[in-house]
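Single-letter residue listing:
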Amino acid sequence: MGRFSVSPAPWRAALVSHLEAMDSPTFVLSSLHREPPSAATQPPAALQKKDAETFSPRARTVVYRSMWAGLSSNPRNPAPPNPHIYQTDLLTTTTDVRMDKVSEMFPALTNAAETASSCAGEHVEGVIWAANAKTQWRIRGRVFMIGPDIESDAAQPVREALKAYMRRQHAGNREADAEADTWDWAKELTAHFGNLSPVMRGSFRNPPPGTPISQTPSSGLGLGQKVENLHDEIARSNFRVLVIVPEQVDQVDLSDPERGRRWRYDLTTQGDEVTWTTTELWP
């Protein structure tokens with residue numbers, strides 16, 4: 001596996017408490033959009049570089065679902081949960097694989113068949129304003145996609161990459177060790193799907209996002225559907241979990257109007273161990 005994280009990130013407890021205190025735990029997730037060549041999108045001639053791609057920023061509001069492998073107990077979730085034997089510092093959200101952010105964050109996926117793949121993506125930034133705590137968070141890191149093939153041999157690199165950040169809790173405890181053998185990646189994906197409301201699950205049977213309304217949707221697609229079946233073929237084919245592996249976290253605390261404070265946390269690797277360094281900055 002190579003790397004491993006032995007203790008929680010120093011920013012984890014504060015961030016989780018701020019997110020859990022929010023009425024709606026949302027954040028802005030940004031990526032880069034590759035623009036097709038055109039006169040309208042080209043920079044001035046003096047700034048152009050030979051064979052350079054043109055990018056423009058894209059941002060959208062997404063819902064924080066949990067830290068990976070740490071879904072909270074939800075009596076309305078009909079999916080059987082994995083045992084809570086791992087803890088991570090990896091933020092998760094969900095997406096429809098047909099949305100533009102997938103092609104922006106995972107440009108290596110070149111066709112519809114490949115979007116079924118679990119894979120590593122580009123670097124992204126998430127920005128959270130925790131109003132109650134008067135704190136802004138910037139989380140910069142790499143995004144991974146968990147798809148229906150997550151248990152396959154092809155998805156092993158993704159499992160290994162994320163497992164490096166999954167800390168075992170109660171290691172050495174016989175019962176916990178036995179539960180570790182039952183932890184299942186596909187079960188975790190289904191648990192995320194089940195954690196959504198039936199209406200939200202139904203949104204994965206919507207017409208393709210961003211397509212003209214004049215185009216008639218394929219059979220089975222339509223707005224306002226409710227999905228009770230956790231293994232609904234259409235909805236699950238479009239459902240993905242995105243996992244963000246933070247590499248740098250910036251925290252600005254403005255709760256004291258007379259003395260704002262700011263910290264930057266940087267992920268470092270020492271030998272085989274993942275650690276964090278903390279630097280206090282002027283706000």
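Described below are features of the structure shown in this document. Values in this document were obtained by computation on a predicted structure and should not be read as measured data. (Residues numbered from 1 in each chain as written. Predicted model: local features only at pLDDT ≥ 70, side-chain atom pairs only at ≥ 80, totals over all residues. Heavy atoms only, no water.)

Quick word on the pattern of salt bridges
Evaluation of the coordinates by the stated rule reveals eleven salt bridges. A salt bridge links Arg 167 to Asp 89; its shortest N-O distance comes to 2.9 Å. Taken as a pair, Arg 167 in strand β9 (residues 167–168) and Asp 89 in the loop between β5 (86–87) and β6 (91–96) lie far apart in primary sequence, 78 residues in all. Asp 89 sits in the buried class, given a relative accessible area of 7%. Here Glu 280 makes a salt bridge to Arg 261, at a shortest N to O gap of 2.9 Å. Of this pair, Glu 280 sits in strand β12 (residues 273–281) while Arg 261 sits in strand β11 (residues 261–270), placing them 19 residues apart in sequence. The class of Glu 280 is partly exposed, set by a relative accessible area of 41%. Owing to a relative accessible area of 30%, Arg 261 belongs among the partly exposed residues under this scheme. Salt bridges sharing partners connect three or more residues here, namely Arg 12, Asp 89 and Arg 167. (Salt bridge = Lys/Arg side-chain N within 4 Å of Asp/Glu carboxyl O. Helix = DSSP H or I, 4+ residues; strand = E, 2+ residues; numbered from the N terminus. Buried < 20%, exposed > 50% of the residue type's maximum accessible area, 1.4 Å probe, protein only.)

Points about unusual backbone geometry
Unusually for a residue other than glycine, Ala 69 sits at a positive phi of about 70°. Relative to the assigned elements, Ala 69 resides in the loop between β4 (66–67) and β5. Unlike most non-glycine residues, Lys 134 shows phi in positive territory, near 50°.

Some details on helix α3 (residues 156–163)
Here α3 has its buried residues at Val 158, Arg 159, Ala 161 and Leu 162. Seen from one end, α3 has its buried residues packed into an arc of 165°, which puts them on one side. (Arc of directions from axis to C-beta.)

Quick word on the pairing of β6
Most of β6 sits inside the fold, with six of its six residues counted as buried. Side chains Leu 91, Thr 93 and Thr 95 project from β6 onto one buried face, and the interleaved Thr 92, Thr 94 and Asp 96 project onto a second face that is buried too. As paired strands, β4 and β6 are joined by two bridges and run antiparallel to one another. The residue of β6 that forms the bridge with Met 67 is Leu 91. Examined bridge by bridge, β6 and strand β10 (residues 239–253) share six bridges and lie antiparallel to one another. By the bridge assignment for β10, Asp 96 is matched with Phe 239. (Pairing = 2+ DSSP bridges.)

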